[in-house]
Amino acid sequence: MHTPDYQGGSIVNLMASILAARGGRSAYPPLRLLPPEEIGAVTNLVLLVIDGLGADYLARHSPAGPLARHALGTITSVFPSTTAAAIPCFLTGDAPQQHGITGWYTWLRELGCILTVLPGCPRYGGASYRQAGIDPARLFGLVPVFQRIDTPSVVVAPSSIARSDFNLALTGGARVLPFESLGGMFRATATILREDRRPKYLYLYWPRLDTLGHQLGIEAPATVKHLQQVEQALTDFLVQVAGTDTLVLVTADHGQVDTAAAGRLDLAEHPSLARALVMPPCGEPRAAFCYVRPGRLDAFRDYCRSHLAEHLDVVPSEDLLAEGLFGLGEANPRLAERIGDLTLLMRGSNVVFERLPSEAPHVQIGAHGGLSRAEMLVPLSRFRA
C-alpha cells in the first residue's frame, strides 16, 4: 500500500512549488524535488499532465526515453488516485481534503444525487450543471490556481472538455485554448510561447493514454505505442520552442492497473451487500465509498471479511480521513459526507461495481483510484528550452 505524501512528495506539493514560483501561496509545503527558487526565474513555466502515466509503467516501457532521461524522480498522486480527484488538485492547488471531490461518482447531498462530477450530470444521466441551472463555480466554491498567481495563464485542453462547465469553473482567470490532437496541443502551446516575452504559466492536459488504458488495457501494445508517440511529440515540441526560456514539467494524475475477469466484483452477485446499502457505491471501482443502512454496518463488514477478504479491505471512512489520506489541515465541510460510512479498498487488481438499470454492461480493463504502487506513483520530468 502506498499512501500520498502530502508533506512534500505529492502532486499537491508540486503545485505548491509552482504557486510559490509564480507569486502565489499554498497551505502545503513545496515539493522536495523542486524548490520554488529553482523555477521562479524562468520566463515560461509549462506543466504537462499525461493522464494515466504511472512511474513504474514509464520505467518498464520507456526506460531510455526522454521522460526517463530527464526525470527528477517519483512523486505520489492523491487519494483516491483518480482523475476526478487529482485534476482539481492541478487546477486549484488544493488536495481532496480541501476541494472535496472524491471520485468519478460523488454523492452531493446538496443536490440530492450521485453526480458524475466531471460531466456534471446525475449518474443516471440527464442535464449537465448549467442545463440544470447549477453554477459549478458556486457549487464547489473553489479558487483556481490561475487566480492565485501573478503571471498570465493559459490552459491548453482537449476541445471535448476545454469549455465544459466543470473545466471553465476551475480555469477562471486563464485563457483557454482547445485542441483536437496531440500535435495540435503542442502547436497551440508553441504559438503561445512565441507570442511575447512576458512571464507565463501554461497548463496542458493530455488524456489519451488513460483512455486507451481503460479501453484496451494499460499494458496493451497500442497503449504502449501511444506512450512512444507522446514522447516523440514532446521531443519535437522542445525543438520548436528552443530559445524561449521555457521550463517544461511533465507529470501525471495517477497510474493504472489492468483488471481481470476473476477480480471484477459485481454487487449483483452479492445481494446481501447490495441490500445493506442506501445507494450504489460512490467514488471509484478501486476505492468504493459505501453508504450503509442503519443497523447494517456490522453485517456489511462481516460479509466482506468472511466472503471477500482476499479481494478487498473494508475500512471505516472516518479512519481514512483521520489518517490524512485526503490531505492535510482543515477539511472541506462536505468531505465527510462524500466518503460514506465504509470504504472498500481493493486488493491486487480487483474492482467492485454496481450497475444502474440504465447502464449497459461494459468492462474497463485499466482501472485506478486505489493505493497500489502502480496507481499512486507518478513520474516528474523537467526540460529546458
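Residues numbered from 1 in each chain as written. Predicted model: local features only at pLDDT ≥ 70, side-chain atom pairs only at ≥ 80, totals over all residues. Heavy atoms only, no water.

**Some words on the overall build of the chain**
What the chain contains, in helices and strands, is 14 helices and 18 strands. In summary, the chain has a C-alpha radius of gyration of 20 Å against a globular reference of 21 Å for 385 residues, a match within 12%. If you line up the chain on its principal axes, its C-alpha atoms span 65 × 45 × 35 Å. Buried positions account for 59% of the 385 residues belonging to the chain. (Helix = DSSP H or I, 4+ residues; strand = E, 2+ residues; numbered from the N terminus. Rg over C-alpha atoms; globule rule 2.2 N^0.38 Å. Buried < 20%, exposed > 50% of the residue type's maximum accessible area, 1.4 Å probe, protein only.)

**So, the pairing of strand S18 (residues 377–384)**
Taking burial as the measure, the eight residues of S18 include six buried ones, the bulk of the element. Two strands pair when backbone bridges link them, and strand S2 (residues 71–76) and S18 are joined in this way by five bridges, in the antiparallel orientation. Residue pairing for S18: Thr76 is matched across the bridge by Leu377. Bridge count for strand S9 (residues 246–251) against S18 is four bridges, and the pairing is antiparallel. Following the sheet pairing, Leu247 is matched in S18 by Arg384. (Pairing = 2+ DSSP bridges.)

**Re the nonpolar core**
Membership of the largest hydrophobic core comes to 88 residues, with the highest contact counts inside it found for Leu14, Leu47, Tyr201 and Tyr203. For this core, the element with the most residues is helix H1 (residues 11–21), which contributes eight residues. Setting aside anything within four residues of it in sequence, one finds Tyr203 in contact with Leu47, Val49, Ile87, Phe90, Leu91, Phe146, Val154, Val155 and Val156. Counting 18 residues, the second-largest nonpolar core is a separate cluster that includes Val292, Cys304, Leu312 and Val352. (Core = buried A, V, L, I, M, F, W, Y, C linked by side-chain atoms within 4.5 Å. Contact = heavy atoms within 4.5 Å.)

**Observations concerning the state of the cysteines**
Tallied over the full model, the rule gives zero disulfides. With no disulfide of its own, Cys113 lies closest to Cys121 among cysteine sulfurs, the gap being 9.0 Å. Taking relative accessible area as the criterion, Cys113 reaches 14% and is therefore assigned buried. Of all cysteine sulfurs, the one in Cys304 lies closest to Cys290, which takes part in no disulfide; the gap is 7.1 Å. (Disulfide = S-S within 2.5 Å.)

**Structural notes on a negative patch on the surface**
Side chains of Glu318, Asp319, Glu323 and Asp341 sit close together on the surface and give a patch of like negative charge. Assignment of secondary structure puts Glu318 in helix H13 (residues 317–322). Look at Glu318 and you get exposed, because its relative accessible area is 59%. (Patch = residues over 30% accessible without salt bridge, like charges linked within 9 Å, V, L, I, M, F, W, Y side chains within 5 Å. Areas by Shrake-Rupley, 256 points an atom, 1.4 Å probe, with all protein chains shown as cover. Salt bridge = Lys/Arg side-chain N within 4 Å of Asp/Glu carboxyl O. Lys, Arg positive; Asp, Glu negative; His and termini not counted. Charge placed at Lys NZ, Arg CZ, Asp CG, Glu CD.)

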